[in-house]
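Chain by chain, the residues run as shown.
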Amino acid sequence: MAQVLVVEDDAAIRTSLTRALRDLGHGVASVASGMPALSQAMEQRPDVVLLDLGLPDVDGSDVLSMLRAVSEIPVIVATARDEETEMVRLLDLGADDYIVKPFTAAQVNARIRAVLRRSGRTDEDPVITVGGLRIDTRSYEVTLEDEPVELARKEFELLLALARRAGEVVTKRDLLAEVWQLAWGGSDRTVDVHLSWLRRKLGESAAQPRYLHSVRGVGVRLAPPP
Ligand code: CA
């Protein structure tokens, strides 16, 4: 998938994140402070840098500025503060995206893929097809048997999260993390409501599913009709 440089001084987070991202198929290098992060980023040219802001030697936002001065490597900033002014500041400094702590590996993975897609560094096919369903991840266009389907943003993201794992049962917890960025908390009801809107737009129902199959107590599976 991608070469990721994880910059995180908390050893427990660094270790578990490195392991989880490797399990997802990424190549991962990690460092615990800012100056090694800069030299590693310049030497190894990772596809994406996941940068913690609270580092022991240099503030993460300074690392970001220094990195931006010399390179265009996509940077996802991990911050503990969920504040709009903080987000705007980070994006102004050149961050490509941000993620609020605490987060899950599934969320980080979704951000990595989104950043790589935007920077054109991914080898993922921009068009995903499942049976007669066609999802264009660049233009956000969806067609079903060549007929356009108008989806709201979250409906699109929900469909995309399911389509990327077509044939697998995806848990509502994973969907809350990936689509709504709710690593903890968040209600299954949120998924259920969007799922029912999505079903209606795809011309099906829970009682008569074609593409969207609820697996009681587990989650949802997207699969082509037989
Ligand atoms: Ca830290």
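As a reminder, the structure under discussion sits directly above these lines.
Given the structure is predicted, the values throughout are model-derived calculations rather than measurements.

### Considering the pairing of strand E4 (residues 75–79)
Turning to step 1, where the next piece is worked out: Burial of E4 is extensive: five of the five residues sit out of reach of the surface.
Turning to step 2, where the next piece is worked out: The two faces of E4 match: Val75, Val77 and Thr79 on one face and Ile76 and Ala78 on the other face are all buried.
Turning to step 3, where the next piece is worked out: For the handedness criterion, the β-α-β arrangement of strand E3 (residues 48–52), helix H3 (residues 60–70) and E4 is classed as right-handed.
Turning to step 4, where the next piece is worked out: Both E4 and strand E5 (residues 97–100) contribute to a ladder of four bridges, which runs parallel. Across the sheet, the residue bridging to Ala78 is Ile99, located in E5.

### Overview of the coordination of the calcium ion
Turning to step 1, where the next piece is worked out: The protein atoms donating to the calcium ion are Asp9 (OD), Asp52 (OD) and Gly54 (O), with metal-donor distances spanning 2.2 to 2.4 Å.
Turning to step 2, where the next piece is worked out: Linear spacing of the donor residues for the calcium ion on their chain is D-x42-D-x1-G. Note that Asp9 is positioned in the loop between strand E1 (3–7) and helix H1 (11–23) and Asp52 in strand E3, a separation of 43 residues in sequence.
Turning to step 3, where the next piece is worked out: Given a relative accessible area of 5%, Asp52 falls into the buried group.

### Remarks on the packing of helix H7 (residues 172–180) against helix H8 (residues 188–201)
Geometrically, a packed helix pair is captured by the angle between its two axes and the distance between the axes.
Turning to step 1, where the next piece is worked out: For the pair H7 and H8, interaxial distance at closest approach is 9 Å and the crossing angle is 80°. The angle between H7 and H8 falls in the class roughly perpendicular. On H8, the residues touching Lys172, Leu175, Leu176 and Trp180 of H7 are Asp188, Thr190, Val191, Asp192 and His194.
Turning to step 2, where the next piece is worked out: Its residues assigned to classes, the contact of H7 with H8 comprises four nonpolar, two polar and three charged.

### Quick notes on H1
Turning to step 1, where the next piece is worked out: Under the 1.5 Å per step criterion, the end-to-end length of H1 is 18 Å for 13 residues, consistent within 8% with the ideal 18 Å.
Turning to step 2, where the next piece is worked out: Turning to H1, the residues buried within the fold contact E1, strand E2 (27–31), E3 and helix H5 (105–118).
Turning to step 3, where the next piece is worked out: Near the N-terminus of H1, the side chain that reaches the backbone nitrogen of Ala12, with its oxygen 2.9 Å away, is that of Asp10.
Turning to step 4, where the next piece is worked out: Once H1 ends, the next one or two residues include Gly25, with phi positive near 100°.

### Details of the pattern of salt bridges
Turning to step 1, where the next piece is worked out: For the structure on display, the rule yields 14 salt bridges.
Turning to step 2, where the next piece is worked out: A salt bridge links Lys101 to Asp52, with the nearest nitrogen and oxygen atoms 3.0 Å apart. One end of the pair, Lys101, is in the loop between E5 and H5; the other, Asp52, is in strand E3, and 49 residues separate them in sequence.
Turning to step 3, where the next piece is worked out: On the basis of relative accessible area, Lys101 is assigned to the partly exposed category, the value being 22%.
Turning to step 4, where the next piece is worked out: Put simply, Glu155 and Lys201 hold a salt bridge, and the shortest N to O gap is 2.8 Å. Residue Glu155 is located in helix H6 (residues 153–164), and its partner Lys201 is located in helix H8; the two are separated by 46 residues in the primary sequence.
Turning to step 5, where the next piece is worked out: For Lys201, a relative accessible area of 37% translates into the label partly exposed.
Turning to step 6, where the next piece is worked out: What you see here is one network of salt bridges that share partners, running through Arg113, Arg165, Glu168, Asp174 and Glu178.

About the thresholds
Residues numbered from 1 in each chain as written. Predicted model: local features only at pLDDT ≥ 70, side-chain atom pairs only at ≥ 80, totals over all residues. Heavy atoms only, no water. Buried < 20%, exposed > 50% of the residue type's maximum accessible area, 1.4 Å probe, protein only. Helix = DSSP H or I, 4+ residues; strand = E, 2+ residues; numbered from the N terminus. Right-handed = clockwise from strand over helix to strand, strands pointing away. Pairing = 2+ DSSP bridges. Donors = N, O, S within 2.8 Å, 3.2 Å for Na, K, Ca; no water. Axes fitted to C-alpha atoms, helices over the stretch in contact; angles between N-to-C directions. Parallel < 35°, antiparallel > 145°, perpendicular 65-115°, else oblique. Contact = heavy atoms within 4.5 Å. Nonpolar A, V, L, I, M, F, W, Y, C, P; charged D, E, K, R; others polar. Expected span 1.5 Å × (residues − 1). Polar contact = N/O pair within 3.5 Å; in protein donor to acceptor, adjacent residues only side chain to side chain. Salt bridge = Lys/Arg side-chain N within 4 Å of Asp/Glu carboxyl O.

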